Every structure is written in C-alpha cells, then in structure tokens.
Amino acid sequence: MTAAGTAHAVDPERGTLAKAADENFPVAPFFLPRAWRTDLMAVYGFARLVDDIGDGDLAPGGADARLLGVLEDRADDRLLMLDAFEEDLRRVFDGTPRHPLLRRLVPTVRRRALTPEPFLGLIAANRQDQLVARYETYDDLLAYCELSANPVGRLVLAVTGTSTPERIRRSDEICTALQIVEHLQDVAEDLGRDRVYLPAEDMKRFHVQETDLAAPTANASVRALIAYEAGRARDLLNEGAPLVGSVHGRLRLLLAGFVAGGRAALRAIAAADHDVLPGPPKSGKVLLLREAGVVLRGEG
C-alpha cells in the first residue's frame, strides 16, 4: 500500500487530500491566496474521492463506505457507492453531510455560492465509466468530457469569482483538451481497466485494433492515430488559451500553468514519436516552464 493509501486507511480525509501531490497539475499552489487554496483543496477532495470510487481505488478497510452509510460488504459496488456519495453531496447544501471531505466542502459552497451542477457532473462521469467503456465518435467523447473535465474549470472560476460566459467557454475548451491529453497518456492503463477513450470511428479510419493498443510499443497505425488526436487536443488548447489573458494576477499564473502543462505533455508525446504504450511520456519542469512563459507572453 502507498503512503497515501496507508494514510487513507487510517484517516480517509487526510489520505485523499495527500494525493494532491501526485496530480499532473498543481491543485492549490502556494502563490494563490490562502482562502483560494482552502476552497480549491475542498473541491479537490470531492473530485479525487469521486474518481477513486469510480476507478475502484478506495483504500481497503471500508472506511469510506461506512461514512457514506453503505455496508462494508457492498463497498465494491461502485454504482451503489456513487449513489450514496451523491446523496451525501446533496446534504452539503443543507449543511449535514456525513463524509469528512464533504463536510470540508460546506463552507466553500456557502462562501462561493457554488451550485450542485458541476459536482453532479463529476459523479455522472464516474457513473458513466461503469456503464460505457467505448466511445463511437469524437462527439461522444466530447460529451463525456463535458461531465468528467469541464466542471473542474468551472469550479475554479467560481471559487475565484471570475466566471463569465466567455471565460466558461474558454475554460471548457482547455479542460476538454487536458482530458483528451490524459487519455492519450493513459491508453495502456485505461485498456487495463477495460476502457478505451480513443473514438472507435477514428480507430477504424487509422486501421487500429484494440489488440494493437495492448502491445508493448505502438505500431505505425497507432502512432498516426495518437498524433491525430493530439492535434485535436492542441487545437482546443489554443482556442481556450485566451482565457489566461482575460484574468490578472495570481489566477493568471494558475491558468497559464494548466495550458502550459497540456502543451508540454503534447510535446513530450510528440518527442516519443507518439508511442504512448510503454507509459506516459514525461515532459519535465524545464519544458513546462518554457511553455508557461510562452502562454503568459501570449505568443501561442
């Protein structure tokens, strides 16, 4: 068991929040105002736990199930756990949730006047993961990202008090792009969970079979497919990038980091000749900082 897993078994709240250090993007970096960091960590705790439920990654011992009022012998029933988690989320809005991570969310919801919709979207995405393992078209994948990724950006804007329709639109483009990039990085891992997030119509177009995705390294057809999907993600990042210039101060740094992280990951994928099957290509801090500088200067 990892250190975070051990902590979770003892203290579910602390164990889940400890996972923030392992995320691809900084959750609540030090340069943000303390009030923002507090609220972003509360949102993160919710998002991380709902993903852990959906992926079957809860620490053994059944602590989360007990907190949500689910019998321990049913803790492996992900749909049941998600239903119980949704019930507890709804209690957040009257101040009576059971799970400590949701109790942590109560003051954030009140302080920032957050609504249930983005939280419900993240639950719906994880519920969909239990029922849908393949996506026929790119539009189908975009509809999934609307649930699984876009609510996160909307919550960041809400917490920082910077939501406008235009910013939400740009944020959605960035978040969808980052979700697609993550899918490209995790093709092998997702296949191990019996999930394929590469659109079936694109796999057919590039003559890629699922057996090709299970190989140790990518053949030419898989590389061409990954390059094609990476191009789509890059276009979305570029369309969303003006969001960074629409805000100021420390929020601008945070959003620039998100865009730069996506671009750096795409550059790393390209540098690996689009062979993602051995594992996610690593971008490194130097490339990330270089990309962040480009974003902040508005050069790309």
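Look above for the structure.
Residues numbered from 1 in each chain as written. Predicted model: local features only at pLDDT ≥ 70, side-chain atom pairs only at ≥ 80, totals over all residues. Heavy atoms only, no water.

## Here we look at the overall build of the protein chain
In terms of regular secondary structure, the protein chain is built from 17 helices and 0 strands. For 300 residues, the compact-globule estimate of 2.2 N^0.38 gives 19 Å, and the C-alpha radius of gyration of the protein chain, at 19 Å, lies within 12% of that figure. The principal-axis extent of the C-alpha atoms belonging to the protein chain is close to 55 × 45 × 35 Å. Relative to its 300 residues, the protein chain shows a buried fraction of 51%. Intrachain contacts of the protein chain at a sequence separation of at least 6 include 66% that bridge at least 24 residues. As presented, the protein chain carries roughly 13800 Å² of accessible surface, and 54% of it is formed by carbon and sulfur atoms. (Helix = DSSP H or I, 4+ residues; strand = E, 2+ residues; numbered from the N terminus. Rg over C-alpha atoms; globule rule 2.2 N^0.38 Å. Buried < 20%, exposed > 50% of the residue type's maximum accessible area, 1.4 Å probe, protein only. Contact = heavy atoms within 4.5 Å. Areas by Shrake-Rupley, 256 points an atom, 1.4 Å probe, with all protein chains shown as cover.)

## A word on helix H5 (residues 78-92)
One turn of the α-helix equals 3.6 residues, which is why residues spaced by three or four share an orientation. Relative to the 21 Å expected for 15 residues at 1.5 Å per residue, H5 spans 21 Å between its end C-alpha atoms, a close match to the ideal helical length. A side-chain oxygen of the first residue of H5 lies 3.3 Å from the backbone nitrogen of Leu79; this N-cap is Asp77. (Expected span 1.5 Å × (residues − 1). Polar contact = N/O pair within 3.5 Å; in protein donor to acceptor, adjacent residues only side chain to side chain.)

## Section: the packing of aromatic side chains
Enumeration according to the criterion identifies 8 aromatic pairs in this entry. Geometrically, the ring pair formed by Phe206 and Tyr228 is tilted, given 5.3 Å between the ring centres and 45° between the ring planes. Highlighted residues: Phe206 in the loop between helix H12 (200-205) and helix H13 (210-213) and Tyr228 in helix H14 (residues 220-240), separated in sequence by 22 residues. For Phe206, a relative accessible area of 18% translates into the label buried. For Tyr228, a relative accessible area of 25% puts it in the partly exposed group. Over the face of the ring belonging to Tyr228 we find Arg205, whose NZ or CZ atom lies 4.7 Å from the ring centre. A cation over an aromatic ring shows up here: Arg232 above the ring of Tyr138, its NZ or CZ 3.7 Å from the ring centre. (Phe/Tyr/Trp six-rings, centres within 6.5 Å; stacked < 30°, edge-to-face > 60°. Lys NZ or Arg CZ within 6 Å of the ring centre and 35° of its normal.)

## A closer look at the pattern of salt bridges
Two side chains that carry opposite charge are able to pair once their charged atoms sit near each other. Counted under the stated rule, the structure contains 27 salt bridges. The partner of Arg134 in a salt bridge is Asp194, with the nearest N and O atoms 2.8 Å apart. Of this pair, Arg134 sits in the loop between helix H7 (117-131) and helix H8 (138-148) while Asp194 sits in the loop between helix H11 (187-192) and H12, and the two are 60 residues apart along the sequence. Of the charged contacts, one joins Glu210 and Arg134 as a salt bridge, the two residues approaching to 2.6 Å between their closest N and O atoms. Of this pair, Glu210 sits in helix H13 while Arg134 sits in the loop between H7 and H8, and the two are 76 residues apart along the sequence. For Glu210, a relative accessible area of 33% puts it in the partly exposed group. The class for Arg134 is partly exposed, based on a relative accessible area of 31%. (Salt bridge = Lys/Arg side-chain N within 4 Å of Asp/Glu carboxyl O.)

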